2 protein chains.
Amino acid sequence: MHRDNYKAKLDASQYKLTGQRATVLEVMIRNRGKHLSAEEVLQQARLLRPNIGIATVYRTLEKLASLEILYKGMFDSGKYRYELADDREHHHHHVVCVNCGSITEIKDDLLCELEKNIEKQGFRIVDHDLKFFGYCPNCTKS
Amino acid sequence: MHRDNYKAKLDASQYKLTGQRATVLEVMIRNRGKHLSAEEVLQQARLLRPNIGIATVYRTLEKLASLEILYKGMFDSGKYRYELADDREHHHHHVVCVNCGSITEIKDDLLCELEKNIEKQGFRIVDHDLKFFGYCPNCTKS
DNA sequence: GTTGCTGCAAAGTATTTGCACCGAT
DNA sequence: ATCGGTGCAAATACTTTGCAGCAAC
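Residues numbered from 1 in each chain as written. Chains lettered and ligands numbered in written order. Predicted model: local features only at pLDDT ≥ 70, side-chain atom pairs only at ≥ 80, totals over all residues. Heavy atoms only, no water.

**Observations concerning the overall build of chain A**
So, step 1. Counting its secondary structure elements, chain A contains six helices and six strands.
So, step 2. The order of α-helices and β-strands along chain A, N terminus first, is α-α-β-α-α-β-β-β-β-α-β-α.
So, step 3. The buried share among the 142 residues of chain A stands at 46%.
So, step 4. For chain A, restricting intrachain contacts to residue pairs at least 6 apart in sequence, the fraction spanning at least 24 positions comes to 48%. (Helix = DSSP H or I, 4+ residues; strand = E, 2+ residues; numbered from the N terminus. Buried < 20%, exposed > 50% of the residue type's maximum accessible area, 1.4 Å probe, protein only. Contact = heavy atoms within 4.5 Å.)

The following block contains the structure:
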């Protein structure tokens, strides 16, 4: 998806497309496929706009996630990471390397069946989150 | 599994089975199937041993998790929850109700196939973590 | 001038660590 | 006497919030 589409989406929302928000969005677009922490977003955003504050970054990430422009997830431990949501639309999963910490994406779609089973038990499922833990190809060699 | 087996497992480790550790273990056993936060463990532990401290609870939960007596996972947001590990041995998953926050367990095993696919791409998978988000039967009614 | 947005600093949560003391060998 | 374990308090890590000032309409 092109960056103008994200901006349009934000523009159409109840929120203003301010310079700071555009900066955060720009950082996320430039890091498509990566899973950045708020601190990492801040550092990169400051290259473009040196005095942006961490609170603004958090507030912006939160808003972008609520608009479903970003996906907010907890991978390893203790902190949230963010990525462009359309990158993970239908359905890809994460492989977290327990050795080097790298996060790789895996495309697959085998979970619909499982969800149907669960719904037979009276649930209504709206989302899922699947992560694998292991060794990435790089770390398998050693 | 009987509580003596857990104690034996802890006993056989490099760690001592102290009163505090037995208390934490007891709390976890009494709450089999629940997913307790450290704070919740503390509150229950204090019923049995009023002056146990939060640091001891954290240290004990950490040790029990490293011995694979407990499973440590992040469910909703911002804090870890712990459960007896053998309750989740091979393979059950969690359904988190986005309305009431209840966590239900679902037995299933459909992921081996998926793991094999990923391993063909050069990874070595050692664990996975699958969560569904939706509405539990109770909250579906309303 | 109202209203929403920002940066800073302070507060809030969850967790970890430093340290003096205790208890079992 | 040693050494691991404990409780308390302080420190840390991440995130949220209060607030005064700013920017846009």
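From this point, the narrative continues.
**Thoughts on the protein's contact with DNA strand D**
So, step 1. Taken together, 18 residues lie around DNA strand D, and Tyr58 and Tyr80 of chain A together with Thr18, Arg21 and Thr56 of chain B are the ones closest in.
So, step 2. Atoms of DNA strand D within 4 Å of the protein: sugar and phosphate make up 74%, bases the balance.
So, step 3. At 2.8 Å from a phosphate oxygen of DNA strand D is found a main-chain nitrogen or oxygen belonging to tyrosine 80 of chain A.
So, step 4. For the surface near DNA strand D, the secondary-structure elements that each account for two or more residues are α4 (54–66) of chain A together with α2 (19–30) and α4 (54–66) of chain B. (Near = heavy atom within 4 Å. Polar contact = N/O pair within 3.5 Å; in protein donor to acceptor, adjacent residues only side chain to side chain.)

**Describing the packing of α2 of chain B against helix α3 (residues 38–48) of chain B**
Residues and elements named next belong to chain B.
So, step 1. Packing of α2 against α3 brings their axes to within 9 Å, and their N-to-C directions diverge by 110°. Considering their axes alone, α2 and α3 lie roughly perpendicular with respect to each other. Relative to α3, α2 is oriented so that their crossing is right-handed. Residues Thr23, Val24, Glu26, Val27, Met28 and Arg30 of α2 lie in contact with α3, whose contacting residues are Val41, Gln44, Ala45 and Leu48.
So, step 2. Classifying every residue of the contact of α2 with α3 by side-chain character gives six nonpolar, two polar and two charged. (Axes fitted to C-alpha atoms, helices over the stretch in contact; angles between N-to-C directions. Parallel < 35°, antiparallel > 145°, perpendicular 65-115°, else oblique. Left-handed = near helix turned anticlockwise from the far one by under 90°. Nonpolar A, V, L, I, M, F, W, Y, C, P; charged D, E, K, R; others polar.)

**Observations regarding the protein's contact with DNA strand C**
So, step 1. Taken together, 16 residues are adjacent to DNA strand C, and Thr18, Gln20 and Thr56 of chain A together with Tyr58 and Tyr80 of chain B come closest.
So, step 2. Within 4 Å of the protein, the atoms of DNA strand C are drawn from sugar and phosphate moieties in a proportion of 72%.
So, step 3. Between DNA strand C and glutamine 20 of chain A there is a distance of 2.8 Å, counted from a sugar or linking oxygen to a side-chain nitrogen or oxygen.
So, step 4. Taking asparagine 51 of chain A, its main chain carries an N or O atom lying 3.1 Å from a phosphate oxygen of DNA strand C.
So, step 5. Looking at the surface near DNA strand C, its residues break down into five nonpolar, six polar and five charged.

**With respect to the sheet that holds strand β2 (residues 70–74) of chain A**
All names here are of chain A.
So, step 1. Read from one edge of the open sheet, three strands run β1-β3-β2, paired in antiparallel fashion. Whereas interior strands pair on both sides, the edge strands pair on one side only; in this sheet they are β1 (36–37) and β2.
So, step 2. Relative to strand β3 (residues 80–84), β1 runs antiparallel, the two being bridged by two bridges. Bridge assignment links leucine 36 to a residue of β3, and that residue is tyrosine 82.
So, step 3. Its contacts with the sheet place α4 against β2 and β3, and it is angled at close to 110° to β2. (Pairing = 2+ DSSP bridges.)

**Some points on α4 of chain A**
Residue and element names in this part refer to chain A.
So, step 1. Taking 1.5 Å as the rise per residue, α4 with 13 residues should run 18 Å; its terminal C-alpha atoms sit 18 Å apart, in good agreement.
So, step 2. Residues Val57, Thr60, Leu61, Leu64 and Ala65 constitute the buried set of α4. Relative to the axis of α4, the buried residues are bounded by an arc of 130° and lie together on one face. Projecting away from the buried face of α4 at angles above 90 degrees are the exposed residues Arg59 and Ser66. (Expected span 1.5 Å × (residues − 1). Arc of directions from axis to C-beta.)

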